[in-house]
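This is what each chain is made of:
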Amino acid sequence: MIQKQIITIYKFYRDGFREMTWGRILWIIILIKLFVMFFILKLFFFPSFLKGMSTDEKQDYIATELVNRMH
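What comes next concerns the included structure. (Residues numbered from 1 in each chain as written. Predicted model: local features only at pLDDT ≥ 70, side-chain atom pairs only at ≥ 80, totals over all residues. Heavy atoms only, no water.)

In this model, helix H3 (residues 55–70) (16 residues) spans 23 Å end to end at C-alpha, consistent with the 22 Å of a helix rising 1.5 Å per residue. Taking burial as the measure, the 16 residues of H3 include zero buried ones, a minor fraction of the element. (Helix = DSSP H or I, 4+ residues; strand = E, 2+ residues; numbered from the N terminus. Expected span 1.5 Å × (residues − 1). Buried < 20%, exposed > 50% of the residue type's maximum accessible area, 1.4 Å probe, protein only.)

Okay, structure coming up:
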């Protein structure tokens, strides 16, 4: 019963996207924006501070950062 509903919903969206004229272009733009937001920005603006640290070093770093931000 639930599987039949899922298939029906899938077919509804599949047929709807096929009939769109601008739909594919808009989805390509959306996917490019998501790629830029999650991959490129993370790569350049959000470096991994914990990379290469042991578990104890990670715990100490996080603890000191939390304490410093509280004051």
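Below, the discussion takes up helix H2 (residues 23–45). Under the 1.5 Å per step criterion, the end-to-end length of H2 is 31 Å for 23 residues, consistent within 8% with the ideal 33 Å. Where H2 bends most, at Val 36, the angle is about 30°. (Bend = angle between axes of the 7 residues up to and from the residue.)

Time to look at the environment of Ile 28. Secondary-structure assignment places Ile 28 in helix H2. Here the alpha-carbon distance between Ile 28 and Phe 38, two residues 10 residues apart in the chain, equals 15 Å.

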